[in-house]
Amino acid sequence: MTLALYVPRAGVVHRLPAGVKLLALAVLAAALFVLPTPTAAGAALLGTLAVGLVLARLPVAVLARQAWAVRWWLLALFVVHALTTDLRTGTHVALRLLTLVLAAAVVTATTRVSEMVAVVEWLCAPLRLVGVRPARVGLAIAMALRFIPVLVERADRIREAQAARGGSPRGVRALRATVAPLLVQVLQMAHDVSEALDARGADDVPPPRRRRRSPALEVPR
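Residues numbered from 1 in each chain as written. Predicted model: local features only at pLDDT ≥ 70, side-chain atom pairs only at ≥ 80, totals over all residues. Heavy atoms only, no water.

K.L.:
Quick one: what's the story with the overall build of the chain, residue by residue and with numbers?
P.N.:
Counting its secondary structure elements, the chain contains nine helices and zero strands. Starting at the N terminus and walking to the C terminus, you meet the elements of the chain as α-α-α-α-α-α-α-α-α. Within the chain, buried positions represent 26% of all 221 residues. The long-range share in the chain, meaning contacts at least 24 apart out of those at least 6 apart in sequence, stands at 75%. (Helix = DSSP H or I, 4+ residues; strand = E, 2+ residues; numbered from the N terminus. Buried < 20%, exposed > 50% of the residue type's maximum accessible area, 1.4 Å probe, protein only. Contact = heavy atoms within 4.5 Å.)

Listed below in structure tokens is the structure:
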């Protein structure tokens, strides 16, 4: 599954604070599980499409790409539930997953990464009491959002290179032929990024702040 990157527009959704959009996404996810009916999931899907295409004025290709990326997951969930329970449950589960994927795509396409990271760091601020560094959590999320599209681009390049060499495997062979070189590139990229972070002191622990004593409390010698 890929994540939509920021798409600049002058719509009302883009002007909303990142915290409001992330909260709305969480409320939508909770509502989809509280109201376990295909009708509610279908209505939420239509509402998500209306927000993304009408209010946010996102290109249709942005949302279509997200739906296409999870097509096999949707089909697998539908078939499994259709065989084990019934068609209604399979339809509901597929609609719920598709709605959440498109809603997350709308949020990431209308919100800059820096704004989402700022919200995450603000939410993690109380965790400083137990030794968690919010800046490090924000950095991890920012890197994940950045590198997922990069990995998709690398996978596309590998498939294009294999096709240019006359090799077009299918099925399990195609998966193996793509995963092996992609894994090598991911490990190399992770090594390069870790060296860059170490060189910039990303893992250094900041020294504790010393409290300045008030002159009135100092004992004269």
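K.L.:
Please provide a residue-by-residue account of the packing of helix 7 (residues 113–123) against helix 8 (residues 134–164), values included.
P.N.:
Direction vectors running N to C along helix 7 and helix 8 enclose 145 degrees, while the axes themselves pass 9 Å from each other. For the pair helix 7 and helix 8, the sense of crossing is right-handed. Only Pro134, Ala135, Val137, Gly138, Ile141, Ala142 and Leu145 of helix 8 make contact with helix 7, whose side of the interface consists of Val113, Met116, Val117, Val120 and Glu121. Within the contact of helix 7 with helix 8, the residues separate by chemical class into ten nonpolar, one polar and one charged. (Axes fitted to C-alpha atoms, helices over the stretch in contact; angles between N-to-C directions. Left-handed = near helix turned anticlockwise from the far one by under 90°. Nonpolar A, V, L, I, M, F, W, Y, C, P; charged D, E, K, R; others polar.)

K.L.:
Which residues make up the nonpolar core, and what are the values?
P.N.:
When a protein is soluble and globular, its nonpolar side chains tend to lie buried together. Counting residues in each nonpolar core, the largest one holds 16 residues, and the members touching the most others are Val7, Leu58, Leu63, Leu74, Leu98, Leu102 and Ala109. Within the residue set of this core, elements represented by two or more residues are helix 4 (60–69) and helix 6 (87–110). At seven residues, helix 6 tops the list of elements feeding residues into this core. If near-sequence neighbours (up to four positions away) are discounted, leucine 74 is found in contact with Ala94, Leu97 and Leu98. (Core = buried A, V, L, I, M, F, W, Y, C linked by side-chain atoms within 4.5 Å.)

K.L.:
Summarise the layout of surface pockets; cite the residues concerned and give the values.
P.N.:
The space that makes up the second largest pocket amounts to roughly 280 Å³. As for the second largest pocket, its lining consists of 14 residues, of which Ala24, Leu25, Val51, Val106 and Val107 are closest to the centre. Elements with a minimum of two residues in the lining of the second largest pocket: helix 2 (18–34), helix 3 (38–55) and helix 6. It is helix 2 that provides the largest number of residues to the lining of the second largest pocket, a total of five residues. The class makeup of the residues in the lining of the second largest pocket is eleven nonpolar, two polar and one charged. (1 Å grid on protein atoms, 1.4 Å probe; cavity = no way out; pocket = protein on both sides within 12 Å on 5 of 7 lines; lining within 4 Å. Points joined across faces, edges and corners; volume = space filled by probe spheres on them.)

K.L.:
Break down a nonpolar patch on the surface for me, citing the residues and quoting the values.
P.N.:
Residues Val12, Val51, Leu53, Val54, Leu55 and Val60 make up a contiguous nonpolar surface patch of about 480 Å² in total accessible area. If one sorts the elements of the nonpolar patch by residue count, helix 3 sits on top with four residues. In this structure, leucine 55 sits in helix 3. (Patch = residues over 30% accessible without salt bridge, like charges linked within 9 Å, V, L, I, M, F, W, Y side chains within 5 Å. Areas by Shrake-Rupley, 256 points an atom, 1.4 Å probe, with all protein chains shown as cover. Salt bridge = Lys/Arg side-chain N within 4 Å of Asp/Glu carboxyl O.)

K.L.:
So what's going on with helix 3? Which residues, and what values?
P.N.:
End to end, helix 3 covers 24 Å across 18 residues, agreeing with the expected 26 Å (1.5 Å per residue, within 8%). Burial in helix 3 covers these residues: Pro38, Ala41, Gly42, Ala44, Leu45, Thr48 and Gly52. Along helix 3, the residues classed as buried sweep out an arc of 160 degrees about the axis, all on the same side. Looking at helix 3, the residues exposed on the side facing more than 90 degrees away from the buried face are Thr39, Leu46 and Val54. Here the buried face of helix 3 lies against helix 2 and helix 6. In the segment just after helix 3, arginine 57 is the residue with positive phi, at about 55 degrees. (Expected span 1.5 Å × (residues − 1). Arc of directions from axis to C-beta.)

K.L.:
Describe in detail unusual backbone geometry, supporting the description with residues and values.
P.N.:
Its identity as a non-glycine residue notwithstanding, arginine 57 has a phi of 55 degrees, on the positive side. Counting through the fold element by element, arginine 57 comes out in the loop between helix 3 and helix 4. Note on arginine 57: relative accessible area 45%, which makes it partly exposed.

K.L.:
Quick rundown of the packing of helix 4 against helix 6? Include the residues and the values.
P.N.:
With their axes 9 Å apart at the nearest point, helix 4 and helix 6 run at an angle of 140 degrees to one another. Considering their axes alone, helix 4 and helix 6 lie oblique with respect to each other. Where helix 4 crosses over helix 6, the two elements pack in a sense that is right-handed. Only Leu98, Val101, Leu102, Ala105, Val106 and Ala109 of helix 6 make contact with helix 4, whose side of the interface consists of Val62, Leu63, Gln66 and Ala67. Tallied by class, residues from the contact of helix 4 with helix 6 come to nine nonpolar, one polar and no charged. (Parallel < 35°, antiparallel > 145°, perpendicular 65-115°, else oblique.)

Spatial relationships are all this shows, so hold off on functional conclusions.
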